[in-house]
Amino acid sequence: MTGHTWKNWAGNQTAHPADYLTPRTIDELRSVVLRAAESGLRVKCVGAGHSFSSIAVTDGVQVSLDMLYGIESVVPEADGSTSVTVLAGTRLRELTARLWDLGLAMTNLGDIDSQSVAGAISTGTHGTGARFGGIATQVRALEILTADGQLINCSATFDTDLFDAARVGLGALGIITKVTLTCEPAFALHAVEAPATLDGTLAHLDETVSGVDHFEFYWFPHTDRVLTKRNTRLPADTPLSPLGSVRAYIDDELLSNTVFEVVNRAVTRFPRATPRVNKFSARALSSREFTDRSYRVFASSRTVRFREMEYAIPAESTTYVLREINRWLESSTVTVAFPVEVRFAAGDDIWLSTAYGRDTAYIAVHQYHRMDHREYFDAVEAIARSVGGRPHWGKLNSLRTEEFAGTYEHFDDFCDIRDKFDPDRLFDNEYLQQRLRK
């Protein structure tokens, strides 16, 4: 499709590719890659477009994997887990529902489930829970289409360097065509959501994070108010008590989306009202408790447009970073109506994972899309960088190659793998040029 204009979900990234294609088979995808190489055009894949960064932007051939979807195989393993191989364009929302029907579940998920499997792992998407890594840690094997049209399989036991690089591969090494995930028996989640204070939450943070399966909280800037979320894993045959349709609509659609949109439009015009509005918003959130299928609890509906930056910091630096952000806001004229999201994850061994080698806290800051985010994001970025923070690959940041090289132990190893599998930079774009070795 020529003359196509692509925008990401947030509306802050736009591409005018020379061609936009949606291959229906891997053979068709191979033909697309080889034709582009012959024509001197670069190739970039796009999934749901939920990255805030320009990772999928290209003026070459933009390829959607939406037609490459579905479960290919389900194989029980000796360790009690199950290997599930899926085509790379499969959306997490559809996959998790299908897994439940098979008596299975992904170990952890983020709070958005519209992404494709390949897009989620390639950008380092994660959820929360001190014992659980990001989605890429659930990957057992990958099939990758390289620049010369070869299909290469890699895993923890075969072509391990490619596997270590490609699990969070930024789309720089080739096109992921199939993903084999380690799944576990289906489980339910008992969710307890309650308002609290920031001081009280931070005072018991280590105990809470280690004692709750999946813990996160949202801090309302300009206030001491937070909303805590505690999700506890239960067997799949636990009697479910999901939110009623009326309560779910009021909380998750009306308050969290419709009213929140109105609130943000209002404070855009009257920014001085933001602290009072945040105090009111925090008090308006009441406690709630429910039990439902794991994937239904993990994910939330998001319709209000925003810009986001997220930094992965050492877990032990959480209190310091939040206190510093609060101090900066108190001394600044910047106002923020969006809560700061705080989540946690176990360290892992994936080369470009933001949680590589350390237990991690994720501090995500947001700004309404009609407001300037730059001063706020720059300040938070400086604070996070002061403790060795690493930015989320799919979200906004200002770092460049030299800073990434000093942040990741295996940065040069990753670039060497890229040199091997894409020496002519068929899968290159401006985003990668600013972050990886030339």
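Everything discussed here concerns the structure shown above.
What you are looking at is a predicted structure, and each value in this text was computed from that prediction instead of being measured. (Residues numbered from 1 in each chain as written. Predicted model: local features only at pLDDT ≥ 70, side-chain atom pairs only at ≥ 80, totals over all residues. Heavy atoms only, no water.)

Participant: I'd like to hear about the pairing of strand β7 (residues 82–87), residue by residue, with values.
Facilitator: Within β7, six of the six residues are buried, which leaves the element mostly enclosed by the surrounding structure. Taken together, the five bridges between strand β6 (residues 71–76) and β7 define a ladder with antiparallel strand orientation. Opposite S73, over in β7, you have T85 as the bridge partner. Taking the residues between adjacent antiparallel strands as the criterion, β6 and β7 are bridged by five residues, where G80 takes a positive phi near 95 degrees. (Buried < 20%, exposed > 50% of the residue type's maximum accessible area, 1.4 Å probe, protein only. Helix = DSSP H or I, 4+ residues; strand = E, 2+ residues; numbered from the N terminus. Pairing = 2+ DSSP bridges.)

Participant: For the state of the cysteines, give the residues involved together with the corresponding values.
Facilitator: Enumeration according to the criterion identifies zero disulfides in this entry. The thiol of C45 is unpaired, and the distance to the nearest cysteine sulfur, on C154, comes to 16 Å. Using a relative accessible area of 24% as the deciding quantity, one classes C45 as partly exposed. On the basis of relative accessibility, which here comes to 2%, the residue C154 falls in the buried class. (Disulfide = S-S within 2.5 Å.)

Participant: How would you explain the packing of aromatic side chains if you had to name every residue and give the values?
Facilitator: Taken as a whole and assessed by the stated rule, the structure comprises twelve aromatic pairs. Seen in terms of ring centroids, Y376 and F377 are 5.8 Å apart; in terms of plane orientation they differ by 50 degrees. Their pairing is tilted. Take Y376 and F377: they sit in the same class, and that class is buried. Taken together, the ring pairs in this structure connect W9, F52, F306 and F338 into an aromatic cluster. (Phe/Tyr/Trp six-rings, centres within 6.5 Å; stacked < 30°, edge-to-face > 60°.)

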